[in-house]
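Commentary on secondary and tertiary structure
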Amino acid sequence: MSLNYNKKIIPFAKELRKNMTPQEKKLWYKFLSKYPIRFQRQKVIDNYIADFYCHSAKLVIEIDGSQHRSHNGKILDNIRTSVLNGYGVKVLRFSNEAIEINFNRVCELIDEALKEVLA
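Residues numbered from 1 in each chain as written. Predicted model: local features only at pLDDT ≥ 70, side-chain atom pairs only at ≥ 80, totals over all residues. Heavy atoms only, no water.

All right, on to the packing of helix 2 (residues 22–30) against helix 5 (residues 103–118) then. Relative to each other, helix 2 and helix 5 sit at 60 degrees, their axes nearing to 12 Å. Relative to helix 5, helix 2 is oriented oblique. As helix 2 runs across helix 5, the sense of the crossing is right-handed. Across the interface between the two elements, Lys26, Leu27 and Lys30 from helix 2 touch Phe103, Val106, Cys107 and Ile110 from helix 5. Of the residues assigned to the contact of helix 2 with helix 5, the class counts are five nonpolar, no polar and two charged. (Axes fitted to C-alpha atoms, helices over the stretch in contact; angles between N-to-C directions. Helix = DSSP H or I, 4+ residues; strand = E, 2+ residues; numbered from the N terminus. Parallel < 35°, antiparallel > 145°, perpendicular 65-115°, else oblique. Left-handed = near helix turned anticlockwise from the far one by under 90°. Contact = heavy atoms within 4.5 Å. Nonpolar A, V, L, I, M, F, W, Y, C, P; charged D, E, K, R; others polar.)

What follows is the structure in structure tokens.
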């Protein structure tokens, strides 16, 4: 199944690429940009912008700030994950704190997920 995308939000995705959060920058520049399997930043899928997307593994990685911990944030995240799962895309979520405090473990979990999917 090919991924639908909303062309209207592509300019916003480009802006987000230019203005990544410190945690997104850390994950991108210290791990994902050098990973042997290609990732894209701020990938438009349906009506959403995924923080990072690996097409060959159909894997989205989301870095969640404090707004994702609210009741409403959790509901919206569940809807988003459900829509992405409908495209056959697996979603991994990590908090900003996990990136800052346990970066190596986050990288290990991403690597394990990729190896599992691509095995």
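Still more to cover.
Counting 22 residues, the largest nonpolar core has Leu27, Leu32, Phe39, Ile61 and Ile110 as the members making the most contacts within it. At the level of secondary structure, the elements contributing two or more residues to this core comprise helix 2, strand 2 (48–54), strand 3 (59–64), strand 4 (90–95) and helix 5. Residue contributions to this core peak at six residues, all from helix 5. Aside from chain neighbours lying at most four places away, what touches isoleucine 110 is Leu27, Phe31, Leu32, Phe39, Ile61, Leu92 and Phe94. Within the second largest apolar cluster, nine residues are counted, among which are Leu3, Tyr53, Val60 and Leu84. (Core = buried A, V, L, I, M, F, W, Y, C linked by side-chain atoms within 4.5 Å. Buried < 20%, exposed > 50% of the residue type's maximum accessible area, 1.4 Å probe, protein only.)

What follows concerns the pattern of salt bridges. Here the structure, examined in full by the defined rule, presents seven salt bridges. Arginine 93 is paired through a salt bridge with aspartate 77; the nearest N and O atoms lie 3.5 Å apart. You can see arginine 93 sitting in strand 4 and its partner aspartate 77 sitting in helix 3 (residues 71–86), a full 16 residues away along the chain. Relative accessible area serves as the criterion here: at 28%, arginine 93 is assigned to the partly exposed category. (Salt bridge = Lys/Arg side-chain N within 4 Å of Asp/Glu carboxyl O.)

Time to look at the pairing of strand 2. In terms of burial, strand 2 is a largely internal element, six of the seven residues being buried. Direction of pairing for strand 2 relative to strand 3: antiparallel, over a ladder of three bridges. Directly across from phenylalanine 52, in strand 3, lies its bridge partner isoleucine 61. As consecutive antiparallel partners, strand 2 and strand 3 are separated by four residues, and within that stretch lysine 58 has a phi angle of approximately 50 degrees, a positive value. (Pairing = 2+ DSSP bridges.)

Function cannot be inferred from these measures alone, as they are strictly geometric.
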